[in-house]
Amino acid sequence: MEVHCLKPLFLLHLLHFFSSVTTGQVLALPLQTQLIPSVSLSRLPNKLPFHNNVTLSVSLSVGTPPQNVTMVLDTGSELSWLRCNSTRIPEPVFHSNRSSSYSPVYCSSPTCTNRTRDSSVPASCDSGNLCHVVLSYADMSSSEGNLASETFTVGDSAMPGTVFGCMDSGFSSNAEEDAKTTGLMGMNQGQLSFVSQTGIPKFSYCISGYNLSGLLLFGDSNFSWLAPLNYTPLIRISIPLPYFDRVAYTVQLEGIRVSNKLLPLPKSVLEPDHTGAGQTMVDSGSQFTFLLGPAYTALRNEFLNRTTGVLRVLEDPNFVFQGSMDLCYRVPLWQTSLPDLPSVGLVFRGAEMTVSGDRLLYRVNGEVRGNDSVYCFTFGNSDLLGIEAYVIGHHHQQNFWMEFDLENSRIGLAQVRCDLTGQMIGLSH
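Draft legend 1. Fine view of the overall build of the protein chain. Broken down by element type, the protein chain carries 7 helices and 31 strands. Among the 429 residues that make up the protein chain, the fraction classed as buried is 57%. Here the protein chain displays about 17500 Å² of accessible surface, and carbon together with sulfur accounts for 50% of that area.

What follows is the structure, encoded as C-alpha cells:
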C-alpha cells in the first residue's frame with residue numbers, strides 16, 4: 001500500500017486455478033510444480049488456492065519469451081511493478097532487455113500524462129524522456145523506476161499492453177522478505193491497477209489461520225456452502241482531499257466492540273474529517289490493523305482492563321512492536337496456548353468483523369524476557385506511524401470470505417473455515 005500503510009509482511013505461495021468468469025469452466029493450474037495447461041486468451045484467472053508464509057503473492061509470467069515472476073497481491077496499492085534488470089538490485093528480477101514485447105512509456109504518452117493522476121507522487125520525466133515514477137511506503141521503503149507496457153501471462157491467458165513499473169532502484173526495510181518476490185501487483189481502484197486494466201468486476205479471497213491455506217477467486221462466489229455475505233458499501237468522496245485516498249477500498253467504521261461492550265467513541269472520531277483524514281481502508285498488503293489515536297487508546301485501555309490478572313503485561317516503555325503496537329505481554333515459554341481473551345468487533349455499516357482467539361495476540365519472533373516469550377496486541381496506533389487513516393490488515397481478515405464487488409461498489413464478508421474452501425469448491429491444494 002502506497003504511503004498510507006505498511007508494506008506487506010505475510011507471504012502466500014499460490015497454487016493457481018483459472019476459469020472463465022463468464023462460463024464458470026474450471027482449470028487447475030499449479031504453476032510452480034508442473035506445466036501450465038492451455039487456456040483461451042479470453043479467460044481471466046478465477047480460483048487460486050494458496051499457502052501462506054509471510055506475504056500474499058501470486059505467480060505468473062511476464063514478457064516474450066515469458067519469465068516467471070512472483071508478485072505481492074496488494075489491495076492497498078495501484079501500480080503493479082517489478083524489480084527490473086539492474087546491477088543495483090539482487091535477484092529475483094525481471095529482465096526487460098530479454099523481452100521482445102517490452103515497451104517503455106514516454107513522458108508525452110497519455111498513459112504518463114493522464115493515467116497517473118491517482119498516484120500519490122506525480123510522475124516525472126527522466127533524462128531519456130521516459131515516464132519516471134516513485135513509490136513510497138510508511139515503513140520508509142521505496143521503489144523507483146519507469147513506466148512500461150508488457151505482456152502479462154496468467155496460465156496461457158495473455159494480457160498484452162499491461163502497464164507496470166519497471167523499477168531499478170529503491171530501499172527496503174525488510175530485504176530478506178522482499179527477496180522472496182519479484183514485485184507487487186496493485187489491486188486498488190486506480191486507473192493503472194491490475195483489476196482496472198483487466199476489467200475484473202469482482203474478486204474474493206479467504207485466508208486461513210489454521211493450516212496456512214486459502215483461496216483467491218476472480219468472479220462470482222455463488223457457492224451453496226458459503227453463508228450469505230453481509231455487505232458494507234464503499235465510501236466515495238469525489239472532491240480531492242489531502243488525506244483521503246480516493247482509489248482505496250474505503251468503508252465506514254461505525255464502532256468498536258470488546259466482547260459485548262461497544263466503546264463510547266463519538267461518531268466524529270470514526271468518520272473522515274474535512275481533510276479526508278480518518279477513512280477506513282481494507283488492505284491485503286498490510287498485516288495488522290491500525291486505528292487512529294483516540295480509538296486505539298480506548299480499545300487498548302479496555303482490552304488491558306479485561307486481561308488484568310489473566311496476562312502479564314510487558315513493562316518496557318522502550319519496546320514498541322513495529323513502531324505502533326505498545327501493548328505487549330509476557331507469556332511463559334512452556335505455555336502452549338493462550339488463555340481465553342475478550343473478542344474485538346469492528347462494526348461497519350451493514351457488517352461486522354469479529355477478531356478472537358490467537359488473532360488478538362502475535363508472538364514476536366526473537367523476543368524473550370527471562371523465561372517468557374513476548375506477545376503483542378495486534379492492533380496498532382496509526383498516529384505513531386504518521387498514518388491519517390484506519391487500516392484493516394489481512395491478519396484480522398483470516399477466516400472471513402472477503403468479496404470486493406466493484407460492479408456494486410461494496411465489500412461483502414462472512415465467517416468461514418478458509419482452510420476448507422478449496423475442498424468445498426472441489427480443488428485440492
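Draft legend 2. Just the packing of aromatic side chains, in detail. A complete count under the given rule lists 15 aromatic pairs for this structure. Seen from their ring centres, Phe223 and Trp401 are 6.0 Å apart, and the 75° between their planes marks the pair as edge-to-face. Of the two residues, Phe223 is situated in the loop between strand E15 (213–218) and strand E16 (230–233) and Trp401 in strand E30 (residues 400–405); the sequence distance between them amounts to 178 residues. Exposure remark for Phe223: the relative accessible area of 19% places this residue in the buried category. Taking relative accessible area as the criterion, Trp401 reaches 0% and is therefore assigned buried. Here the aromatic rings of Phe303 and Phe377 are separated by 4.3 Å at their centres, their planes lie at 20°, and the arrangement is stacked. Pair noted here: Phe303 is in helix H5 (residues 293–307) and Phe377 is in strand E27 (residues 372–377), with a separation of 74 residues, a long-range link.

Draft legend 3. Focus on the state of the cysteines. Taken as a whole and judged by the stated rule, the model has 5 disulfides. At a sulfur-sulfur separation of 2.1 Å, the disulfide partner of Cys112 is Cys131. Torsion about the S-S bond of the Cys112 and Cys131 cystine: about 85°, corresponding to right-handed handedness. Linking Cys112 in helix H1 (residues 110–113) with Cys131 in strand E10 (residues 131–136), this pair joins segments that are 19 residues apart in sequence.

Draft legend 4. Up close: the nonpolar core. Counting residues in hydrophobic clusters, the biggest one holds 65 residues, and the most contacted among them are Leu60, Ile256, Leu299, Phe377, Phe379 and Met402. With 4 residues, H5 is the single largest residue contributor to this core. With near-sequence residues (within four places) excluded, Phe377 lies in contact with Leu299, Phe303, Met325, Leu327, Val344, Leu360 and Leu361. Core analysis: the next-biggest nonpolar cluster, separate from the first, contains 16 residues, Phe290, Phe321, Met325 and Val364 among them.

Draft legend 5. Quick look at the sheet that holds E27. Taken in spatial order, the 4 strands line up as E22-E23-E27-E26 in an open sheet, and their pairing is antiparallel. Every other strand in the sheet has two partners, leaving strand E22 (312–313) and strand E26 (361–369) as the edge strands with one partner each. As judged from the 5 bridges shared by strand E23 (residues 328–332) and E27, these two strands associate in the antiparallel manner. Among the inter-strand pairings, Arg330 is bridged to a residue of E27, identified as Val374. The sheet contacts of H5 involve E22, E23, E26 and E27, and relative to E23 the element is tilted by about 25°.

Draft legend 6. Region of interest: the side chain of Ser193. The residue Ser193 is located in the loop between strand E13 (183–186) and helix H3 (194–198) in this model. In terms of polar contacts, Ser193 uses its side chain to reach the backbone carbonyl oxygen of Asn188, at 2.7 Å. When sequence neighbours within four positions are dropped, the list of residues in contact with Ser193 reads Glu78, Gly186, Met187 and Asn188.

About the cut-offs
One numbering rule holds for all chains: residues counted from 1, following each sequence as written. Only residues with pLDDT of at least 70 get local features here, since the model is predicted, and only at 80 or more are side-chain atom pairs given and counted; chain-wide, interface and lining totals rely on the full set of residues. The basis for every side-chain value is the complete set of non-hydrogen atoms in the structure, without hydrogens or water. A run of H or I in DSSP counts as a helix once it spans at least four residues, and a run of E counts as a strand once it spans at least two, with each numbered from the N terminus. Throughout, exposure labels follow a simple rule: accessible area from a 1.4 Å probe, protein chains only, divided by the maximum for the residue type, with under 20% read as buried, over 50% as exposed, and the rest as partly exposed. The Shrake-Rupley method, run with a 1.4 Å probe sphere, supplies the accessible areas, and residue values consider only the shown protein chains as cover. The criterion for an aromatic pair is that two Phe, Tyr or Trp rings (for Trp, the six-membered ring) have centres within 6.5 Å, with stacked assigned to planes under 30 degrees apart, edge-to-face to planes over 60 apart and tilted to the rest. Cysteine sulfur atoms that come within 2.5 Å of each other are treated as a disulfide pair. In these notes, a set of buried Ala, Val, Leu, Ile, Met, Phe, Trp, Tyr and Cys residues joined through side-chain atoms within 4.5 Å is what counts as a nonpolar core. Any two residues whose heavy atoms approach within 4.5 Å at even a single point are treated as in contact. In this description, strands pair whenever DSSP reports at least two bridges between them. Structural elements are reduced to axes, namely lines fitted to C-alpha atoms, with helices fitted over the stretch in contact, and the angle between N-to-C directions of any two is expressed from 0 to 180 degrees. As used in this structure description, the phrase polar contact means that two N or O atoms lie within 3.5 Å; if the pair is within protein, one of them must be able to donate a hydrogen and the other to accept it, and residues adjacent in sequence are counted only when both atoms belong to side chains.

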